[in-house]
Every structure is written in C-alpha cells, then in structure tokens.
Amino acid sequence: MSDATEASGTAGAAEAAESGRPDGGGAGGRHVRVVLVDDHRMFRTGVQAEIGRTVETGVEVVGEAADVDQAVTVITATRPEVVLLDVHLPGGGGVEVLRRCAALTADAEQPVRFLALSVSDAAEDVIGVIRGGARGYVTKTITGTGLVDSIFRVQEGDAVFSPRLAGFVLDAFASTDAPPVDEDLDRLTQREREVLRLIARGYAYKEIAKQLFISVKTVESHVSAVLRKLQLSNRHELTRWATARRLV
C-alpha cells in the first residue's frame, strides 16, 4: 500500500464511522477499529494478515502509517479506537505521535487509545511511551491471538504489558527520582540502541537484521556508528560497555 493509498484509503473508513454503518463484527460480536503505525511495510503487511480478518477477529485495520507525520494524519482522519504504535519511527518516534495526538487521547467521549508494539524491550522505551500516554506495551514476539486480546483490552481501558515489561513501569512510577541522564547513551539514536543491545546479547548481524527488518549492511553501518560515538574498538568492548550500564 503506497503512502497516498494509505491516506486516501482511510477516508472511507472515517465516513463509515461517522455514518454509524456497521463494519464487520466477528469475535463474539466485538469490533474494534485499529490504525497500524510501523515504518516496516513487511511487518505491517504481516500484522494486517494476522489480525485484520475482521469476521474472525473483530479487528478492522482502518489505516496504516510509516512515520510520525503520516501517523498523525491517518489517526486524525479515522479516529480509531486503538492505535498499534511502533516506538521507533522516522520523524520523532512513537512519543512524538503521542504528543501530537494528546487531544484525541484525552477525548472523554471517543478516546483514541495507544498500544505500543515494538521489537524493543528496553526500560527507557517502555517508560517513555507510557509517560507519553500509551495504555500498554507489548513486544513483537506476541502471538496473533495475544495481540488481538491486548487490542480489545486496551479498547476497554485496561493497561496491557508483556510480562517482564510491567515491572519497568511499576519501578519507574514508584520512584520519585528522575533517572540519571547517560550522556554517552544519549548520543545514540533509538535504532542504534536497539542494535547495541542485540550485539551485546551475542546476536549475529544476520539475526539482528532479521529481528529489526533491516539489511545486514544497515546493521553493519549502525554498529560502526555506535563504536565511533562511544569511542570503542570492537563488539567485545561494546558488550562490556552495555553490560556495565545494565542495558543487556
């Protein structure tokens, strides 16, 4: 689906919502309208195929977006009940989408709720989008059935997290002290941080490329950038650096 098709394809869904026409309704009569925001087209296509069978799942994907600007445009046009939001997006990331859609999130009558869906399981990513207004955070290892269930729970106002991620949020909001700023880590982009963690966990370049839906060459470029910014010589030093900061 091209960017133009994504934007134009949402208009009909918006009209359907405004006119009150029923759209699907499987899954025991449940129905939820969803916008999918992720910068990897193949991933969006996979999620659409997995959960977007409306008669079976009750989930209707009414729009897609690949970056922050597209996301804000599509979400504003379609007013879905739930947005599946990647954390790392061109244009400022998921937090920027949440910031620009704050009024929709706060709408008492027709709130747009956000569920983060990301490959990252880093504490700062989880805490960042939850502070930004997301209702939950699940990783891309979730099953299709689990994702559908999470979407409906968020639609109903519940908070949903992959099991080990809930602790990050509890710890963060239980503490009154802001986490210290790591100037070295701040030099890295979100994507470089993802690559850094996977390298530190012992993943090969091909495995990282597969997990992040990028090419091996792109992984190599990110690793080179990380080593340069942190003034490290090789992946062994990088692993020690990440372990010392409890990023692994």
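Cut-offs applied
Residues numbered from 1 in each chain as written. Predicted model: local features only at pLDDT ≥ 70, side-chain atom pairs only at ≥ 80, totals over all residues. Heavy atoms only, no water. Axes fitted to C-alpha atoms, helices over the stretch in contact; angles between N-to-C directions. Helix = DSSP H or I, 4+ residues; strand = E, 2+ residues; numbered from the N terminus. Parallel < 35°, antiparallel > 145°, perpendicular 65-115°, else oblique. Contact = heavy atoms within 4.5 Å. Nonpolar A, V, L, I, M, F, W, Y, C, P; charged D, E, K, R; others polar. pLDDT = per-residue confidence, 0-100. Polar contact = N/O pair within 3.5 Å; in protein donor to acceptor, adjacent residues only side chain to side chain. Core = buried A, V, L, I, M, F, W, Y, C linked by side-chain atoms within 4.5 Å. Buried < 20%, exposed > 50% of the residue type's maximum accessible area, 1.4 Å probe, protein only.

With that out of the way, let us pick up the packing of helix H11 (residues 190–200) against helix H14 (residues 235–244). At a minimum axis distance of 9 Å, the contact between H11 and H14 shows a crossing angle of 100°. Classified by the angle their axes make, H11 and H14 are roughly perpendicular. Contact with H11, carried on its side by Leu 196, Ile 199 and Ala 200, involves Arg 235, Leu 238, Thr 239, Trp 241 and Ala 242 of H14 and no other residues of that element. Of the residues that constitute the contact of H11 with H14, the class distribution is six nonpolar, one polar and one charged.

Within the protein chain, residue pLDDT values average 83, and 82% of them lie at 70 or more. Within the model, the stretch residues 1–25 combines pLDDT values under 50 with 38 contacts to residues more than four positions away or in other chains.

On to the packing of H11 against helix H13 (residues 216–230), then. Between H11 and H13, whose axes approach to 9 Å, the crossing angle comes to 95°. In terms of orientation, H11 lies roughly perpendicular with respect to H13. Between H11 and H13, the residues in contact are Arg 191, Glu 192, Val 195, Leu 196 and Ile 199 and Val 219, His 222, Val 223, Ala 225, Val 226 and Lys 229, respectively. Counted by class, the contact of H11 with H13 contains seven nonpolar, one polar and three charged residues.

Let us look at the side chain of Ser 120. With respect to the secondary-structure elements, Ser 120 resides in the loop between strand E4 (113–118) and helix H7 (123–132). There is a polar contact of 3.2 Å between the side chain of Ser 120 and the backbone nitrogen of Ala 122. What Ser 120 contacts, discounting residues up to four positions off in sequence, is His 88, Asp 125, Tyr 137, Thr 139 and Glu 194.

Grouped together as the largest cluster of nonpolar side chains are 26 residues, with contacts concentrated most on Val 37, Ile 75, Val 83, Leu 85, Val 97, Phe 114 and Val 129. Within the residue set of this core, elements represented by two or more residues are strand E1 (32–37), strand E2 (59–65), helix H4 (68–78), strand E3 (82–85), helix H5 (93–100), E4 and H7. Of all the elements, H4 adds the most residues to this core, at five residues. Contacts of Phe 114, omitting those with residues within four sequence positions, involve Ile 75, Val 83, Leu 85, Val 97, Leu 98, Cys 101, Thr 105, Ala 134, Arg 135, Gly 136 and Val 154.

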